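Fold and geometry: a report
Chain by chain, the residues run as shown.
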Amino acid sequence: MFSKISETVFMITEEDNDLDLFESRYPIPDGVTYNSYVIIDDKVAVLDTVDARRTDAWLSDLEKVLGERVPDYLVIHHMEPDHAANIATLASKYPSMKLVGNERIFKMIGQFFDQDYADRRVIVEEGSKLELGKHTLTFVSGMMVHWPEVMVSYESSEKLLFSADAFGRFGPADPSYDWVAGARRYYYNIVGKFGKHAAKLLNKAASLDIAKICPLHGPVLEEDLGKYVELYVRWANYQPDIDGVFIAYNSVYGNTEKAAFALAEDLKNKGVKYTISDVSRVHVSYLLEDAFAYSRMAVAATTYENEIFPEMKFFIDEIASKTYRNRKVGIIDNGTWGPAAGKKIAEILSTLENIEILEPMISIKSSMKEDDRRLISELADKLAQ
Ligand code: FEO
């Protein structure tokens, strides 16, 4: 489907409601959208394509938007195939169309499509402009938000920021869908590892007068932009959204679960906001989002074959890989013949920036006893501070 951003700028958005895992990793129960934009002026520019799963719908919508016009340019902000899959298709449909991108983008075009389009390239870099008539696009590097070749562009006559993956979200096209619910999980899982680069891009964008943000996923943002930018700045700087505790636990026979819920009960009694998840039963992308969204974390883990229980290990490795930082963490472990999980979790977390492991670290032997329960209350006191 397509919609007008203005009389001369169009958004083509294709919904994908039947993809099980985005990037073969992330469940998207509410789907995702792939956005492409068209600027109709003296020259016509198509901005990005869509995933191969929606080629036919996109080409049909594009023809309706273009009418009798033929695109002069395809502007490529990002080469990940959810946006770039149809470059060769469009280039062959419109042989006079030039391709606009930076050196890295053209290198990746060669890798994906085995064609170099040498005589059709318009190579741009930081600050380059593309004049379309009344509209002018200025290119800004968005390196590592989320791949190294990423560019964003600013259209000055209508104050539009074409932001690539930044400000994108999971979920349907419907603009009333909770933006934070779709955007925060998207950000921390897909862009979060590169927070420094996201912060750098946001700094550059701060000098621009932006009326609308046009991302490659999710709706165009046009009201209360400060709210979205404030959230993005917070996320890029690894600051929490929620003052409270995320409790992540695993449990083989229910004993570790009892300890985790005892901690939750104490926090509840102290009026501390918390959420609790079983890492064996909640997809790691949601766990990771909560780990970053909350200001503190507690983990309750069993030892499994002298190691951290596998699903818990995967979760801890995931947050470490996304450079989890600036948090206090409480640790409870459980083991019948040699508890080791807590020590191993602390070893991983202690390699990260500004992580404080709270005392007491609690090690349960098989099932929670009175002494364990008392220590859990002590830990709850620390987590409540
Ligand atoms: Fe939506 Fe990095 O692609």
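This report concerns the structure included in the present document. For every chain, the first residue of its written sequence is number 1, and the numbers climb from 1 along that sequence. In keeping with the model being predicted, local features are shown solely for residues with a pLDDT of at least 70 and side-chain atom pairs are shown and tallied solely at 80 or more, while totals for entire chains, interfaces and linings include all residues. Each side-chain value is worked out from all heavy atoms of the structure, with water and hydrogens disregarded.

Between any two strands, at least two bridges found by DSSP are needed for them to pair. In this text, helices come from DSSP runs of H or I with a minimum length of four residues, and strands from runs of E with a minimum of two, each type numbered from the N-terminal end. Pairing is mixed across the open sheet formed by 5 strands, whose spatial order is S10-S11-S12-S13-S14. Pairing within the sheet leaves two strands with one partner each, and these edge strands are strand S10 (129-131) and strand S14 (212-215). Ignoring which end each strand starts from, the neighbouring axes of this sheet average 20 degrees apart. As paired elements, strand S13 (residues 160-164) and S14 share 4 bridges and run parallel to each other. When the sheet's bridge partners are listed, Phe162 is paired in S14 with Cys214. To obtain an axis, a line is fitted to C-alpha atoms, over the contacting stretch when the element is a helix, and the angle between two such axes runs from 0 to 180 degrees between their N-to-C directions.

Turning to the side chain of Asp266, a few remarks are in order. As for its position among the elements, Asp266 is in helix H8 (residues 255-269). Between two residues, a contact is recorded if the distance between any of their heavy atoms is within 4.5 Å. With near-sequence residues (within four places) excluded, Asp266 lies in contact with Arg373, Ile376, Ser377 and Ala380.

Note: strand S7 (residues 73-75) against strand S8 (residues 98-101), 3 bridges, orientation parallel. Within S8, the residue paired with Leu74 across the bridge is Leu99. Where S8 meets strand S9 (residues 121-123), 3 bridges bridge the pair, whose relative direction is parallel. Its bridge partner being in S9, Leu99 is matched across the sheet by Arg121. Handedness rule for crossovers: strands pointing away from the viewer, path from the first strand over the helix to the second running clockwise, crossover right-handed. Taken together, S8, helix H4 (residues 103-113) and S9 form a β-α-β motif whose crossover is right-handed.

Moving on, we come to unusual backbone geometry. Note that the residue after Glu359, namely Pro360, is joined by a cis bond; omega there is 0 degrees. Within the element layout of this structure, Pro360 appears in the loop between strand S20 (355-357) and strand S21 (362-365). Although it is not a glycine, Glu23 sits at a positive phi angle of roughly 55 degrees. Here Glu23 shows up in the loop between strand S3 (21-22) and strand S4 (26-27). In this model, Glu305 sits at a positive phi of 55 degrees, which is unusual for a non-glycine residue. Looking at the element boundaries, Glu305 is found in the loop between strand S17 (294-304) and strand S18 (307-308).

If you trace the backbone, Asp278 turns up in strand S16 (residues 274-278). A distance of 2.8 Å separates a polar atom in the side chain of Asp278 from a polar atom in the side chain of Arg281. Ignoring sequence-local partners within four residues, the contact set of Asp278 consists of Tyr249 and Asn250. Each polar contact in these results corresponds to two N or O atoms within 3.5 Å; when the atoms are within protein, one needs to be able to donate a hydrogen and the other to accept it, and residues that are neighboring in sequence are counted only if both atoms are side-chain atoms.

Attention shifts here to the packing of aromatic side chains. Between 30 and 60 degrees the pair is tilted, below 30 it is stacked and above 60 it is edge-to-face, where a pair is any two Phe, Tyr or Trp rings, Trp via its six-membered ring, whose centres lie within 6.5 Å. The tally for this structure, following the rule as stated, stands at 21 aromatic pairs. With 5.8 Å between their ring centres and 35 degrees between their planes, Tyr187 and Trp235 make a pair best called tilted. Note that Tyr187 is positioned in helix H5 (residues 179-191) and Trp235 in helix H7 (residues 225-236), a separation of 48 residues in sequence. According to the relative accessible area criterion, Tyr187 is buried, its value standing at 0%. Exposure remark for Trp235: the relative accessible area of 0% places this residue in the buried category. With a centroid separation of 6.2 Å and an interplanar angle of 50 degrees, the aromatic rings of Tyr188 and Trp235 are classed as tilted. A residue pair is termed long-range when its members are at least 10 positions apart, and Tyr188 in helix H5 and Trp235 in helix H7 qualify at 47 residues. Side by side, Tyr188 and Trp235 carry an identical accessibility label, which is buried. Three exposure classes are used, based on accessible area relative to the maximum for each residue type with a 1.4 Å probe and protein chains only: buried under 20%, partly exposed in between, and exposed over 50%.

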